[in-house]
Every structure is written in structure tokens, then in C-alpha cells.
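A closer look at the structure
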Amino acid sequence: MKRIAIISDIHGNLHALDAVVTDAMNKGFDEMWCLGDTVGYGAYPSECIEIVRNRCNIVLAGNHDLAACRALSLDEFNLEARLAVEWTSDKLSNSEISFLRSLEPLKFVEVEGIHFVLAHGSPMNPIWEYVVGPFELQRTFYFLEDKEAQGAFVGHSHIQFFSSSKDLQFEMKRPSEKLVFEEDTIYILNPGSVGQPRDYDPRAAYMIIEVEDRSVNAEFYRVKYDIEEASSSIIEAGLPLFLATRLRLGY
Ligand SMILES: [Fe+2]
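Figured I'd write up the structure that's included with this text. (Residues numbered from 1 in each chain as written. Predicted model: local features only at pLDDT ≥ 70, side-chain atom pairs only at ≥ 80, totals over all residues. Heavy atoms only, no water.)

Taken as a whole, the largest pocket spans an internal volume of roughly 340 Å³. Around the largest pocket, the lining is made up of 17 residues, and of these Gln-150, Glu-183, Asp-184, Thr-185 and Arg-214 lie nearest the centre. Looking at the lining of the largest pocket, its residues break down into six nonpolar, five polar and six charged. Reported here for the second largest pocket is a volume of approximately 200 Å³. Contributing elements (two or more residues each) for the lining of the second largest pocket: α3 (63-68), α4 (79-91) and α8 (241-249). Along the lines of polarity and charge, the residues of the lining of the second largest pocket split into seven nonpolar, six polar and five charged. (1 Å grid on protein atoms, 1.4 Å probe; cavity = no way out; pocket = protein on both sides within 12 Å on 5 of 7 lines; lining within 4 Å. Points joined across faces, edges and corners; volume = space filled by probe spheres on them. Nonpolar A, V, L, I, M, F, W, Y, C, P; charged D, E, K, R; others polar. Helix = DSSP H or I, 4+ residues; strand = E, 2+ residues; numbered from the N terminus.)

Dropping the structure here:
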């Protein structure tokens, strides 16, 4: 049996990341995977890189990571995101930049005979595409079927959800209880965002999956953290005010 904690979209929010790592350690895990966007928006990019580097067995590149290490143009970013990326770039050491440059936005993984696809955005366009509606869900199911994978773990939208191919339901559900994978069914799951949730629940989000004897179950979690401290640090760093206030709103 293997327990894997899956985190995503930390965005330099050290307070949220610490709370999630502590919660996951209390629940117990064998591996930790990070689906990207470790930096950008928050005031502690280097500290978050260090934790992810030390703790995670797999780390994907997100669009903010790639922009912060100058491997991706800033043209597609909105004003707040661009200002935060530029602020982040100036803070990073050469070693942190090399680390971000070494990451990929897509990975294929096998755990105890079950194949998974890990993507920051969608598996088809892992840097930029948001999996947020029936069109992207359906294309992702086709992609997974083609690769003989039973599940995709995606980030980027900052919304904790799952969707299953059963009965052709291309609907995103907000998880409330343990999800047990059924046979001949494909799943798309988003652990939500550690450092900047956008589903109107300001608590940090992550998930733990358990894989045993070709069965998979997933539990989605929300963790309270010191939002006031995280917001204050963003303001003190001179980053855009909106990045601080949205943490309190969970959007
Ligand atoms: Fe993100």
C-alpha cells in the first residue's frame, strides 16, 4: 500500500505550505507530489522551493515557475501576476532558478500497476490550459483512455474537484468524502491550491491518495492556516494588495 500526498499551486505561501505539510505528516504519507506553481504571488518563494525540493518525490513546473526562471514569456500574464513574477525572479538564487528550469509540466507515473498522468494544466496543454469545463474534461478523458491511464491529477485552476467518466458525466464535483475509484472508470482530480484557493473556501487545499492491490481511493482535505500573516507578508513585500486580500476571500 502506498499513500501519496498531492499538493499544488503553493504560490510562495509559506504559512499555508507549513500547515499542509504538518497536516499530511499527521495523517501519514509515503510520497509527496507537487503539481507546480510553487512560486509566484506569495512572499516566500525561496522557502517554498526548499520545502518542495526536500519533501516532494515529484515536482512539476507550473506557468509561474517557468516565468520566474525566465523560461516562459510574461506576455500571457495579467498585471498582478506579472508584477509578482518579476518580484519573485529578483529574489531567487541561481540554484533555485536552475531547479525551476529542470522541471517539466507533465509526467506519466505508475503506482502499483496503475497508470496516472500528472499535469500542471491539462494533459494536452500542461502549461496553460485550465481543466474547468466539459470540453476540457472530455478531452482529458480521451487522452487518459489513449494512454491507458486511470487517473489524471491536475492543478492550475486552484479549484478542488473531481470528475469521473462513468455515465459520461462531464461535471466537476466538489469533493466532500472519500472517493473510491471504480473499475473501468477514469478520474480527473484536482487537489486544489495550497497557497491561493479560488473556490471561496480560504483554507489551504490538498489531497492524499491510497493505492493498494490495484484499488485507489482519494481523500480531499482543507487546512486552516494563518491567513492574516500570509496576507501581511504580501503587503510588506510591496506585492499588489489584491494578492493579499484574495487570500481572505478564498478567491
Ligand atoms: Fe497557479
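After that view of the structure, there is still more to cover.
To continue, consider the nonpolar core. Grouped together as the largest cluster of nonpolar side chains are 52 residues, with contacts concentrated most on Ile-7, Ile-10, Leu-17, Leu-100, Tyr-206 and Tyr-225. It is helix α1 (residues 14-27) that contributes the most residues to this core, seven residues altogether. Apart from residues lying up to four places away in sequence, Leu-100 is in contact with Val-39, Ile-49, Asp-65, Leu-66, Ala-68, Cys-69 and Leu-92. Within the second largest apolar cluster, 23 residues are counted, among which are Ile-58, Leu-60, Ala-218 and Phe-220. (Core = buried A, V, L, I, M, F, W, Y, C linked by side-chain atoms within 4.5 Å. Buried < 20%, exposed > 50% of the residue type's maximum accessible area, 1.4 Å probe, protein only. Contact = heavy atoms within 4.5 Å.)

Those residues of helix α2 (residues 45-55) not exposed but buried are Pro-45, Ser-46, Cys-48, Ile-49, Ile-51 and Val-52. Summarising the contacts, the buried residues of α2 are in contact with α1, β2 (31-34), β3 (58-59), α4 and α5 (94-101).

So, about the coordination of the iron ion. Protein coordination at the iron ion: the donors are Asp-9 (OD), His-11 (NE2), Asp-37 (OD) and His-158 (NE2), at 2.1 to 2.3 Å from the metal. Every donor counted, the four donor atoms about the iron ion form angles of 85 to 178° at the centre, which fits irregular coordination. Read N to C, the donor residues that coordinate the iron ion are spaced as D-x1-H-x25-D-x120-H. Residue Asp-9 is located in the loop between β1 (2-7) and α1, and its partner His-158 is located in the loop between β6 (151-154) and β7 (161-164); the two are separated by 149 residues in the primary sequence. (Donors = N, O, S within 2.8 Å, 3.2 Å for Na, K, Ca; no water. Tetrahedral: all angles 85-135°; square planar, octahedral: opposite > 155°, others 65-115°.)

Turning our attention to the packing of α2 against α5. Orientation of α2 relative to α5, taken along the N-to-C sense of each, is 55°, at an axis distance of 11 Å. Judged by the angle between their axes, α2 and α5 are oblique. The element α2 and its partner α5 pack so that their crossing is left-handed. Contacts from Ser-46, Ile-49 and Arg-53 of α2 reach α5 at Ser-95, Glu-96, Phe-99 and Leu-100. Of the residues in the contact of α2 with α5, the class split is three nonpolar, two polar and two charged. (Axes fitted to C-alpha atoms, helices over the stretch in contact; angles between N-to-C directions. Parallel < 35°, antiparallel > 145°, perpendicular 65-115°, else oblique. Left-handed = near helix turned anticlockwise from the far one by under 90°.)

Let's shift gears to the sheet that holds β6. Strands sit in the order β4-β5-β6-β9-β7 across an open sheet of five strands; the sheet is mixed. If you trace the sheet from one side to the other, it starts and ends with β4 (106-111) and β7, each paired once. On average, each strand axis in the sheet is tilted by 20° relative to the strand beside it, whichever way the strands run. Here β6 pairs with strand β9 (residues 187-190) via three bridges, running parallel. Looking across to β9, one finds that Ala-152 is bridged to Ile-188. Each of β4, β5 (114-119), β6, β7 and β9 touches helix α6 (residues 134-146); the most contacted strand, β9, lies at about 120° to it. (Pairing = 2+ DSSP bridges.)

Extensive coverage of strand β10 (residues 204-212) is indicated by the burial of eight of its nine residues. The pairing of β10 with strand β11 (residues 215-223) spans nine bridges and is antiparallel. Each residue of the ladder has a partner; that of Met-207, found in β11, is Phe-220.

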